[in-house]
Amino acid sequence: MPASSYSSASASSTKSSASYDNEPWSERQLANYIVRAEQPFNAEVKLDRLVESFVTPTDKHFRRNHGPIPDISSNEWSMNIEINCNTMSYKKILRINDLAQLEQFDVVAVLECAGNRRDGLKAIKPVNGVIWGPGTASNARWSGCRLRDVLASAGIPPNLCHPFYKKPRHVEFAAYGEAAEDVHYASSIPLEWVMNPLNMVLVATEMNGRRLPRDHGFPARIVAPGIIGARWVKWLKYIRVQEHESDSFYQKRDYKILPPMANSSNCEEYWPRFPALMELNIQSVICRPAPDESLQIGKSYLVRGYAFSGGGRAVDRVEASLDNGKTWELADLYTINAKKRSEQRDWSVKSWSWVLWSFRIRSVPPNCTISCRAWDAGGNTQPDAAVWNYRGVMNNSVFRVHPQIDVPTGSHHL
Ligand SMILES: Nc1nc2c(c(=O)[nH]1)N[C@H]1C(S)=C(S)[C@@H](COP(=O)(O)O)O[C@H]1N2
Ligand SMILES: [Mo]
């Protein structure tokens, strides 16, 4: 869709200066998306598309933005690496070639917006934020260098995170471009998490084997497997090691689970008291049947969906129910190592990819509710009912679908 079909007067951004004249419309396969907002561009993926491939192709990856997409030339791009701790303070400039010289890694990892499934919380009570269905999750392949190596190459001592319990430190990321709620988009994660090589926090320059598209952070973005999407900062401008978490709106106010009495008039009072979200929670969603799909009574049907958890915790099972949760059966799991039975898995391995799962209904009944819930290696599962919070984040209640059931014409079944 050409940018000219949108009137700039309809900009939903709170900043009137933000310009949406140079958005990468030709790189957006709109047929795969439900567009929730045009300015900034916010689009989730249609559910049936999400389970078509194990690794999410770029044209079926959701897009979540708080401002216009910057147009950066990789030759001109540079990023500051800064350290700002009481014992040490300096700055180093890195360019794209500096990153290319470091050892390259790749990881297939879930990226989920903390606002995924916000629609389920809005159904309880109004919430603040873009209304999303379950289509803001993905499992792409990301490549680049490890953030710990980038910090080391800039001279940051690898033992700076010891002892973390006495003096926690944080790594803040800030972005080029404008953001609606702050001077720029920024966020942070604990240094201790970044320094653990098993956590695979990357400064990514590629997605699915090609250079990052503009929508996804060209020329470089943070990839933080197991952690909410809000920390995966795009269009990196600086990375700073400091003694406190980011002061950004997106760290200190947005992306928190506030208690149920918090609302638009009193949230200021609650923001400082609760943590910035980090690790994803356990999640599973039914993608087929999709919302517009109907099932045939008496026929067999393969229910399909995705499941994952946060912090590297592996999904150990997905359960499905056809009687609204009275009884459950095990779904088949397709893991990153293909279809594997649980007894063949080493649960100590950190897990960043989603699992796709399927569940066979032998004979579709005249009326049914299909439910699913996942469990992770930490013993976590999904709550039966959604718990409302003002920002509408982290909704992971048991996922239910009431598909439309078609009765073949001429049938006396009912
Ligand atoms: N610079 C910048 N980085 C950002 C954002 C943003 O608006 N600006 N959105 C964040 C949020 S909330 C999410 S969920 C992910 C979405 O990444 P994607 O658009 O590549 O899917 O990017 C994160 N990084
Ligand atoms: Mo997000």
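Every value quoted in this text rests on a predicted model; they were computed, and no experiment measured them.

## Digging into the site of ligand 1
In the neighbourhood of ligand 1, 19 residues make up the surrounding shell, with Phe62, His66, His216, Arg221 and Lys234 lying closest. One nitrogen or oxygen atom from the side chain of His216 is found 2.6 Å from an oxygen atom belonging to ligand 1. Lys234 places a polar side-chain atom, nitrogen or oxygen, 2.5 Å from an oxygen atom of ligand 1. Across the complex, the protein chains shield 99% of the 530 Å² of accessible surface that ligand 1 would expose by itself. In terms of residue class, the shell around ligand 1 is made up of 10 nonpolar, 5 polar and 4 charged.

## What to know about the sheet that holds strand β4 (residues 88–95)
The 5 strands are arranged β4-β3-β12-β7-β8 in an open sheet whose pairing can be described as mixed. Edge positions in the open sheet fall to β4 and β8 (186–190), since each of these has one partner strand only. Within this sheet the neighbouring strands show an average axis-to-axis angle of 15°, counted without direction. Pairing between strand β7 (residues 170–175) and strand β12 (residues 236–242): 6 bridges, direction antiparallel. In the sheet register, Phe173 faces β12, and the bridge partner there is Ile239.

## Some points on the state of the cysteines
Inspection of the entire model under this criterion finds 0 disulfides. The thiol sulfur of Cys287 is not disulfide-bonded, and the nearest other cysteine sulfur, from Cys372, lies at 8.7 Å. With a relative accessible area of 0%, Cys287 lands in the buried category.

## Re the sheet that holds strand β21 (residues 399–401)
Spatially, the 4 strands line up as an open sheet ordered β17-β16-β20-β21, and their pairing is antiparallel. Where the open sheet ends on each side, the last strands, each with one partner, are β17 (329–330) and β21. Bridge count between strand β16 (residues 315–321) and strand β20 (residues 370–376): 6 bridges; the pairing is antiparallel. Opposite Val318, over in β20, you have Ala374 as the bridge partner.

What counts, and at which threshold
- Residues numbered from 1 in each chain as written.
- Chains lettered and ligands numbered in written order.
- Predicted model: local features only at pLDDT ≥ 70, side-chain atom pairs only at ≥ 80, totals over all residues.
- Heavy atoms only, no water.
- Near = heavy atom within 4 Å.
- Polar contact = N/O pair within 3.5 Å; in protein donor to acceptor, adjacent residues only side chain to side chain.
- Areas by Shrake-Rupley, 256 points an atom, 1.4 Å probe, with all protein chains shown as cover.
- Nonpolar A, V, L, I, M, F, W, Y, C, P; charged D, E, K, R; others polar.
- Pairing = 2+ DSSP bridges.
- Helix = DSSP H or I, 4+ residues; strand = E, 2+ residues; numbered from the N terminus.
- Axes fitted to C-alpha atoms, helices over the stretch in contact; angles between N-to-C directions.
- Disulfide = S-S within 2.5 Å.
- Buried < 20%, exposed > 50% of the residue type's maximum accessible area, 1.4 Å probe, protein only.

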